[in-house]
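Spelled out, the chains give:
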Amino acid sequence: MDKDVNTGETQLVKMIVFAVGEQEYCIPILSVREIRGLEKTTPLPFAPPYVCGAINLRGIILTVINLATYLNVAPEPENPRRVVVIIEASDGTVCGLLVDRVIDMADIKPSDIQVVAEKGNSLSGLVMIGERMIGVLKLDVIAHELINGMQAE
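Quick caveat: nothing in here was measured; it's all calculated off a predicted structure. (Residues numbered from 1 in each chain as written. Predicted model: local features only at pLDDT ≥ 70, side-chain atom pairs only at ≥ 80, totals over all residues. Heavy atoms only, no water.)

S.K.: Lay out the nonpolar core with the relevant residues and their values.
M.R.: Judged by nonpolar contacts, the single largest core of 25 residues is most densely connected at Ile-27, Leu-67, Leu-97 and Leu-137. For this core, the secondary-structure elements that each account for two or more residues are strand 1 (13-20), strand 2 (23-28), helix 1 (67-70), strand 6 (83-88), strand 7 (94-99) and helix 2 (139-152). Here this core takes four residues from helix 2, the largest share from any one element. Ignoring sequence-local partners within four residues, the contact set of Leu-67 consists of Phe-18, Val-20, Leu-97, Leu-98, Val-99, Leu-137 and Ile-142. (Core = buried A, V, L, I, M, F, W, Y, C linked by side-chain atoms within 4.5 Å. Buried < 20%, exposed > 50% of the residue type's maximum accessible area, 1.4 Å probe, protein only. Helix = DSSP H or I, 4+ residues; strand = E, 2+ residues; numbered from the N terminus. Contact = heavy atoms within 4.5 Å.)

Structure below.
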């Protein structure tokens, strides 16, 4: 199971929970570099439809993915709480994820995540937090699609 060998206690993963439309998703907090308010993006010609554009983050140009478009979910209309979550995938790819709002943080046992069967899916699984069903995103799949989508154009 997910027990710490030294203490015998079950390990928890701290996740940041955010909303995209009506659905809630989470990612490991250790993958998050920062959360920024939504700012104007510079359009990128021939980018996939889910790419909002690019932003300048202290001299580094980052691509911003509109998660609502990427996940084929209707975003919250006219939402002033939209933010960009700057993430780093395990391969070192850094990008921004445009989400409708950050909700909270949660400690999740990896054994509580119910796996989603589809290979290549952007969800690694679903987890229940109280009465809420939260999708656990695979950042590496999203980052890989971003890189491949930008190179293919």
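S.K.: With reference to specific residues and values, describe the pattern of salt bridges.
M.R.: For the coordinates displayed, the defined rule picks out nine salt bridges. A salt bridge links Arg-33 to Glu-88, with the nearest nitrogen and oxygen atoms 3.1 Å apart. In this pair, Arg-33 is assigned in strand 3 (residues 32-37) and Glu-88 in strand 6, connecting sequence segments 55 residues apart. You can call Arg-33 partly exposed: its relative accessible area is 47%. On the basis of relative accessibility, which here comes to 31%, the residue Glu-88 falls in the partly exposed class. (Salt bridge = Lys/Arg side-chain N within 4 Å of Asp/Glu carboxyl O.)

S.K.: Just give me the short version of the side chain of Thr-41, but keep the residues and values in it.
M.R.: Tracing the backbone through its elements, the reader meets Thr-41 in the loop between strand 3 and strand 4 (51-57). Apart from residues lying up to four places away in sequence, Thr-41 is in contact with Cys-52, Gly-53, Ala-54, Ile-55 and Val-64.

S.K.: How would you explain the pairing of strand 5 (residues 60-66) if you had to name every residue and give the values?
M.R.: The element strand 5 is largely enclosed, with a buried count of five among its seven residues. Where strand 4 lies against strand 5, six bridges are found, and the strand directions are antiparallel. When the sheet's bridge partners are listed, Ala-54 is paired in strand 5 with Thr-63. Following strand 4, the chain reverses through two residues before pairing antiparallel with strand 5; Arg-58 in that reversal takes a positive phi of roughly 50°. (Pairing = 2+ DSSP bridges.)

S.K.: I'd like a rundown of the side chain of Asn-66, residues and numbers included.
M.R.: Mapped onto the elements, Asn-66 comes out in strand 5. Its relative accessible area of 13% is what places Asn-66 among the buried residues. Not counting residues up to four positions away in its chain, the partners in contact with Asn-66 are Tyr-50, Cys-52, Arg-82 and Leu-98.

S.K.: So what's going on with the environment of Val-136? Residues and values would help.
M.R.: Structurally, Val-136 is set in strand 11 (residues 132-137). For the pair formed by Val-136 and Glu-24, sequence separation is 112 residues and the distance between their alpha carbons is 9.0 Å. If we ignore the near neighbours within four places in the chain, the residues touching Val-136 are Met-15, Cys-26, Ile-113, Ser-122, Leu-123, Ser-124, Gly-125 and Val-127.

S.K.: Got a sec to walk through the sheet that holds strand 5? Specific residues and values, please.
M.R.: On the basis of which strands lie adjacent, the open sheet formed by five strands has the order 3-6-7-5-4 and mixed pairing. Both outer strands of the open sheet, strand 3 and strand 4, are each paired with one neighbouring strand and no more. Across this sheet, the average inter-strand angle for adjacent strands is 30°, counted without regard to direction. Across five bridges, strand 3 lies against strand 6 in antiparallel orientation. Residue pairing for strand 6: Val-32 is matched across the bridge by Ile-87. (Axes fitted to C-alpha atoms, helices over the stretch in contact; angles between N-to-C directions.)

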